[in-house]
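# Examining the three-dimensional arrangement
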Amino acid sequence: MQFSHTSIARMLAVCAIGVLALGSAAPASAATTGPSISAVPTTSVTDSVETLPYPVDTSNQAGWWRPLDVVDGVSYFAFNAPAAATARHEVHLASRAIDGTWTEDCLRASAGAACVTFADDNGHNQPSIVVDGAGTIHAFVSMHNEQWNAFRSSTPGDVTSLVDVTAAMPDLDAAMTYPVTARGPEGDVWVLVRVGTDAQGRREGVLYHFDLAAGVWERASTIAAATGYSFYPDDLEVDVDGRVHVLWEWGPFPADPARHLGSYAVYDPADGSLTDVAGTSLTGPVTPTTPGSVVWRPFGTGEAIGSYTPALQTAKLALDGTELTGIVYRFVEADETAYDVRYASWSNNAWTDESLIDSSSLGSGVSTVAGIDVTSAGGVDRVYAVVAVQVCGENRSQVVRLERAAGGSGWDARTVGEPMSGQQRLRAETTTDGTDVLYLSAPLHERTQGVLRHASIPRGSVAETGGSSLQDIVSALRGDLGGTNVALGATVTVSSTLRTDTGGELAVDGDCTDASRWISAVGDTAPNITAAWQAPTELSAVRVHSGYAGGDNVASVLRDFTIEVHTATGWIEVGRFDDNRLGSVVAEIDGLVADQVRLLITDPSASATDVARVFEIEAIAAEPAPAATERTQAVGNDHDPR
């Protein structure tokens, strides 16, 4: 089975690039053996996640391109990096050698020239890369209805040597978008793009091929085209026989964020033919109405090419040798806003479909993110997705791994890495021993810049079982403390309010939205709020949510404040926060019995309107001690003759 980025089979079939020390190596001859992961342990696996030691631009938000490659244990990452000019970025490549050493540099017009910069265009101007059989790195960047922006390394495996080779590309007069790359078994490479033939009222899906022997790019085939439609590339894989598997979706011409008619076809470069998943010959270019089994997600009730919902957005495929294993994709139901994660496969001469992540079933404010992927090897299928939640003005996200035995009926969920602020995007690769390498981009994690992480997840010879429920993962992502919030609906007193609709009672109503916050008055430089409940209760923690989801949350959160609880002996400080920049903070409490909680604020915020903004105050009751068991009680009474 094959990964959605580069399959295990393809990784073994591609010519070896040798040991890449510090990002460079000499080319080697092509390998011809098939995949083997017999050495993979049967026990549970341990993830390894590390952050790249380089600044990442907030525009690094690709969800359906291929910004990584893995060859002979060396990982190649491409990413948007900050540029000096506003609203522009550089594109950098980094390689991680087998010993864990990173090497990094930018794309240049020519050797020794300054770093090239590109306009920010979130969700469009993202890099795709691929390493060919000679070790040459190819990069396609910042292509949103514009000419090729193609770069190539001058030295095999060397990320410091990429220069502009756009002039050598075919079809220089065409407008290109969404490059997706793949490598073939002989080390040749492919790129799939949307080509804007706008004068004809269509945007086509065109496949280009790099002839390794000749060292040139050439147009291979127009895979799909139809007047009134726009082609959206999703994924590209090359199997062990050299056939190219193409995954895409259709949108109305010229463009639309909501797409439809998920489609799949196989191109054979040996004779230029196209077939569907059943092996039936297709007449190219494929259209939305081409007969056969091309469409794996047909129109639903009330759906049309221009519908905003239902709709799909981004998909990835996995192969097993030469056969399609499955397709993971995001889909939104009619009249809903959050996209779900679904899985399509071909079985018994028909497309089947199953739901993996149903956003609405996980509670309010839960969604998935455009970054998804699917991998498969050694009898173990995996799907990677990102679950996000809105929590009192903050957007948090968690990468999730779903795993099952190949062709099995159930998926076990686990998290990958720590939760991050803001959305995340991902792509996955594989190594010859079945290890998944993940590219994890959190473009807004540090507010003014992003974070890029490299994850390595070995594969057992059998699928892992157990794991966590998606509900538990979402609960942890929300930061739910469990237990009972005794401050909910408490009696509240405050030092001031900004308006009549920003009273203190809104801080204990259980609603974490901008419309339900206590906001102090302008000029109240030391605001305070107290919440009192009737029965003194043993507490385990107090949590405070503050800020403004509709603005700069870092500037609008409570800056300097203390948390106190009222006990039989008086007020006791349980938490102090100075120069706070977090929207949610927790003060752990070691069993204090209290009937009130208050915030004493000495610096309301760092915003121009310097007021306190509190979404919610939660006082969590301690869990009761477990009751003594019948056996314990019996033993304790052994001295009593009764």
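Small disclaimer: the values here were computed from a predicted structure and weren't measured. (Residues numbered from 1 in each chain as written. Predicted model: local features only at pLDDT ≥ 70, side-chain atom pairs only at ≥ 80, totals over all residues. Heavy atoms only, no water.)

Regarding its fold elements, the protein chain presents four helices and 41 strands. Taking all 642 residues of the protein chain together, the buried fraction comes to 57%. Contacts spanning at least 24 positions in sequence make up 62% of the contacts within the protein chain whose residues lie at least 6 apart. (Helix = DSSP H or I, 4+ residues; strand = E, 2+ residues; numbered from the N terminus. Buried < 20%, exposed > 50% of the residue type's maximum accessible area, 1.4 Å probe, protein only. Contact = heavy atoms within 4.5 Å.)

Another aspect to go through is the state of the cysteines. Per the stated rule, a full pass over the model turns up two disulfides. Disulfide pairing is shown between Cys106 and Cys115; the S-S distance is 2.1 Å. In this structure, the disulfide formed by Cys106 and Cys115 twists by about -80 degrees around the S-S bond and is classed as left-handed. Residue classification places Cys106 among the buried residues on the basis of a relative accessible area of 0%. The residue that forms a disulfide with Cys392 is Cys512, at a sulfur-sulfur distance of 1.6 Å. (Disulfide = S-S within 2.5 Å.)

A separate point is the environment of Thr314. The topology assignment puts Thr314 in strand 22 (residues 311-320). We classify Thr314 as buried; its relative accessible area is 1%. Note: C-alpha distance between Thr314 and Leu247 (67 residues apart in sequence) is 9.6 Å.

In this section: the nonpolar core. In this structure, Leu539, Val542, Ile563 and Leu599 are the most contacted members of the largest nonpolar core, which totals 30 residues. Looking at this core, the elements with two or more residues in it are strand 36 (528-546), strand 37 (560-567), strand 38 (570-577), strand 39 (584-588), strand 40 (593-603) and strand 41 (613-621). Considering each element in turn, this core owes the most residues, six residues, to strand 36. Beyond its immediate stretch of four places on either side in the chain, Leu539 contacts Val486, Trp533, Val565, Ile589, Gly591, Leu592, Ala594, Ala619, Ile620, Ala621 and Ala622. Ranked by size, the runner-up nonpolar core spans 25 residues in total, among them Ile372, Val374, Val387 and Trp411. (Core = buried A, V, L, I, M, F, W, Y, C linked by side-chain atoms within 4.5 Å.)

Quick look at the packing of aromatic side chains now. Two numbers describe a pair of aromatic rings. These are the distance of the centres and the angle of the planes. In total, this model carries 21 aromatic pairs according to the counting rule given. A ring pair is formed by Trp65 and Tyr178, whose centres lie 5.3 Å apart and whose planes are at 40 degrees; its orientation type is tilted. Residue Trp65 is located in the loop between strand 1 (48-51) and strand 2 (68-71), and its partner Tyr178 is located in strand 12 (residues 176-183); the two are separated by 113 residues in the primary sequence. Here the two residues Trp65 and Tyr178 agree in accessibility, since each one is buried. Between Tyr229 and Trp250 the ring centres are 5.7 Å apart and the planes differ by 75 degrees, which places this aromatic pair in the edge-to-face class. Pair noted here: Tyr229 is in strand 16 (residues 229-238) and Trp250 is in strand 17 (residues 244-252), with a separation of 21 residues, a long-range link. (Phe/Tyr/Trp six-rings, centres within 6.5 Å; stacked < 30°, edge-to-face > 60°.)

It is worth spelling out unusual backbone geometry at this point. That bond from Gly284 to Pro285 is cis: its omega, -10 degrees, falls within 30 degrees of zero. Along the chain, the position of Pro285 falls in the loop between strand 20 (281-282) and strand 21 (295-297). For the peptide bond that leads from Thr309 to Pro310, omega is -5 degrees, which places it in the cis range. Phi at Thr314 takes a positive value of approximately 75 degrees, unusual for a residue other than glycine.

Right, let's talk about the pattern of salt bridges for a bit. In total, this model carries 29 salt bridges according to the counting rule given. Arg559 is paired through a salt bridge with Asp579; the nearest N and O atoms lie 3.1 Å apart. Taken together, the residues span a long stretch of sequence, with Arg559 in the loop between helix 3 (553-556) and strand 37 and Asp579 in the loop between strand 38 and strand 39 at a distance of 20 residues. Connected through shared salt-bridge partners, Asp47, Arg382, Arg401, Glu403, Arg414, Asp436, Arg459 and Glu464 make up one network. (Salt bridge = Lys/Arg side-chain N within 4 Å of Asp/Glu carboxyl O.)

Moving on to the pairing of strand 33 (residues 451-457). Within strand 33, six of the seven residues are buried, leaving the element largely enclosed by the surrounding structure. Strand direction decides the pairing type here: strand 1 and strand 33, joined by four bridges, are antiparallel. The residue of strand 33 that forms the bridge with Thr51 is Arg453. (Pairing = 2+ DSSP bridges.)

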